[in-house]
Amino acid sequence: MFRSPLLAVAAAVALLATPALAQSGDVAAQRQAVFQQLLSDPANRQLMRDYARLSVQMRDFEAAAATLERLLDLEPDNSSARVELAIAYFSLGSYAVAEYHLAAAQASGALSPDQVAQVARYREEAADRGDSSDYSGRLEVGYAWAETAGDSGAFLSGAIDWRIDLGDAHVTQWVTEVAFSSYDPSDGSFNSRSSGRVRTGPEFRVSRDAYGPRLQPYVEFGFLTRDPIFFTDFNTWAVGLAYANPVNERVTVYADLSVGREYAVNGSFGDFDFHEFDLGVTYRPSRDTRFRLSGTVGERTERDTSFPIDTTEASVRLSAQHAFDPAFQNLPNRWVVGGYAQAAVVTTDFGFGSETEIDRRSVGIWLRAFVLEDIYLEAGTNRILEETDFGFGSTASRDEAIYTLQVGWEF
């Protein structure tokens, strides 16, 4: 059922990840030819531009910076050349020098809208890399009501992203992510659960600039109480490789492959081996609007048993959000509205010729209002439609509406 959507995601990622500039011997030959012309005409500004451009394509940023410095001596008001020079210094790891030229270009008032967005992105990256350690995160606490099930209770969630600059020429950072969530409805509910994970590993920026591929091999540890399929508590570990490619300020593609093991803490089930693959693309037509399309496939197989339970899952999700300022001055600034649609199929083979398939569709919308710069209130609603086929002609349906209200802190 989900093969076509997942293939569509894969095709989109493959297309968007194609490099914009070919790295070939032709570029080296062109640059050498331009260099020979510069020897005869060293003040030719067009030849300087061509040589700098070809040097960037060959990732020879030192040559590009030296040439652009000479060009700016001749054309001190050339803001485009100054932006290119800043990017060359950024790629060399000279963030303070890059910041100087980025600020000068921004102050000139001569940049196009695309250049303004590009300069803002590089200035933000330069500031981040100027600090050897940086962290960000969120904390949310709220209350949820499940209409059909009659459950209601408090929930808590949060996440922290901690980055340490390792100080090498490849702009390697050690990235640690911590996330947790907990929902505690009324006594006797089947929906009470909590989870947490810690992922850590080095992130290598292959292109050494603000855009381009990033790879992170990682290890991850976590826990899950009351697994939604087996109602068992698990401790988990995994190893994996995450890939992200900010192609430009608008498009980012990503993928994540992990394998690991779940250890049953209690319950009547054993340990499980699992693997999971995520694939997706994010598109930001503006700084205030974002769309994200992703797909996930995974499998869990019970260990050390004659009749292992095997569970496969496939899902596709589309989400969007838009930030805006309300028209009424007496309302808080910066509101964000968002929503999502998701489809998933979970198939469980219990090893005795018995198979259960859950077909789940869900949609949701939410509205977030920042009452202070980093503090917000958020209200949301979700609708879940679920069809379960237990085999042998036995089925069940679920139609659930869930409402949430929470307060959050971004830091």
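Scroll up for the structure.
As the structure is a computational prediction, the values presented were derived from the model and not from experiment. (Residues numbered from 1 in each chain as written. Predicted model: local features only at pLDDT ≥ 70, side-chain atom pairs only at ≥ 80, totals over all residues. Heavy atoms only, no water.)

1. Points about the overall build of the protein chain
The number of helices and strands found in the protein chain is 7 helices and 14 strands. Evaluated residue by residue, the protein chain yields a buried proportion of 38% over its 411 residues. Long-range pairs, those at least 24 residues apart, make up 53% of the contacts in the protein chain between residues at least 6 apart in sequence. Within the structure as shown, the protein chain displays about 22,100 Å² of accessible surface, and the carbon and sulfur contribution to it stands at 58%. (Helix = DSSP H or I, 4+ residues; strand = E, 2+ residues; numbered from the N terminus. Buried < 20%, exposed > 50% of the residue type's maximum accessible area, 1.4 Å probe, protein only. Contact = heavy atoms within 4.5 Å. Areas by Shrake-Rupley, 256 points an atom, 1.4 Å probe, with all protein chains shown as cover.)

2. Looking at helix H6 (residues 95–108)
End to end, H6 covers 20 Å across 14 residues, agreeing with the expected 20 Å (1.5 Å per residue, within 8%). Tyr-95, Ala-98, His-101, Leu-102 and Ala-105 are the residues of H6 that are buried. Angular distribution of buried residues about the axis of H6 spans 130°; they occupy a single face of the element. Turned more than 90 degrees from where H6 packs its buried face, Ala-96, Tyr-100 and Ala-107 sit exposed. Once H6 ends, the next one or two residues include Gly-109, with phi positive near 75°. (Expected span 1.5 Å × (residues − 1). Arc of directions from axis to C-beta.)

3. Observations concerning the packing of helix H5 (residues 79–91) against H6
Interaxial distance between H5 and H6 falls to 8 Å at its minimum, and their mutual angle equals 160°. Taken together, the axes of H5 and H6 are roughly antiparallel relative to one another. Handedness of the H5/H6 crossing: left-handed. Between H5 and H6, the contacting residues are Ser-79, Arg-82, Val-83, Leu-85, Ala-86, Tyr-89 and Phe-90 on the first element and Tyr-95, Val-97, Ala-98, Tyr-100, His-101, Leu-102, Ala-104, Ala-105 and Ser-108 on the second. Taken together, the residues of the contact of H5 with H6 sort by class into 12 nonpolar, 3 polar and 1 charged. (Axes fitted to C-alpha atoms, helices over the stretch in contact; angles between N-to-C directions. Parallel < 35°, antiparallel > 145°, perpendicular 65-115°, else oblique. Left-handed = near helix turned anticlockwise from the far one by under 90°. Nonpolar A, V, L, I, M, F, W, Y, C, P; charged D, E, K, R; others polar.)

4. Comments concerning the packing of helix H3 (residues 45–57) against helix H4 (residues 61–74)
In helix packing, the relevant descriptors are the interaxial angle and the interaxial distance, both defined with respect to the helix axes. For the pair H3 and H4, the least separation of the axes is 8 Å and the interaxial angle reads 155°. Between H3 and H4, the crossing angle belongs to the class labelled roughly antiparallel. Crossing angle aside, the handedness with which H3 passes H4 is left-handed. Residues Arg-45, Met-48, Arg-49, Tyr-51, Ala-52, Ser-55 and Val-56 of H3 pack against Phe-61, Ala-63, Ala-64, Thr-67, Leu-68, Arg-70, Leu-71 and Leu-74 of H4.

5. What about unusual backbone geometry?
Despite not being glycine, Asp-304 has its phi angle at roughly 55°, a positive value. Note that Asp-304 resides in the loop between strand E9 (289–302) and strand E10 (310–324).

6. Some words on the pattern of salt bridges
With the rule as written, the count across this model stands at 25 salt bridges. Close ionic contact of Arg-368 with Glu-140 constitutes a salt bridge, the shortest N to O distance being 3.9 Å. With a gap of 228 residues between them, Arg-368 in strand E12 (residues 355–370) and Glu-140 in strand E1 (residues 133–146) connect regions that are remote in the sequence. Take Glu-140: its relative accessible area is 9%, and that puts it in the buried class. Linking Glu-220 and Arg-199 is a salt bridge whose minimum nitrogen-to-oxygen distance equals 2.8 Å. With a gap of 21 residues between them, Glu-220 in strand E5 (residues 214–225) and Arg-199 in strand E4 (residues 193–205) connect regions that are remote in the sequence. With relative accessibility at 16%, the residue Glu-220 sits in the buried group. The exposure class of Arg-199 is buried, given its relative accessible area of 11%. (Salt bridge = Lys/Arg side-chain N within 4 Å of Asp/Glu carboxyl O.)

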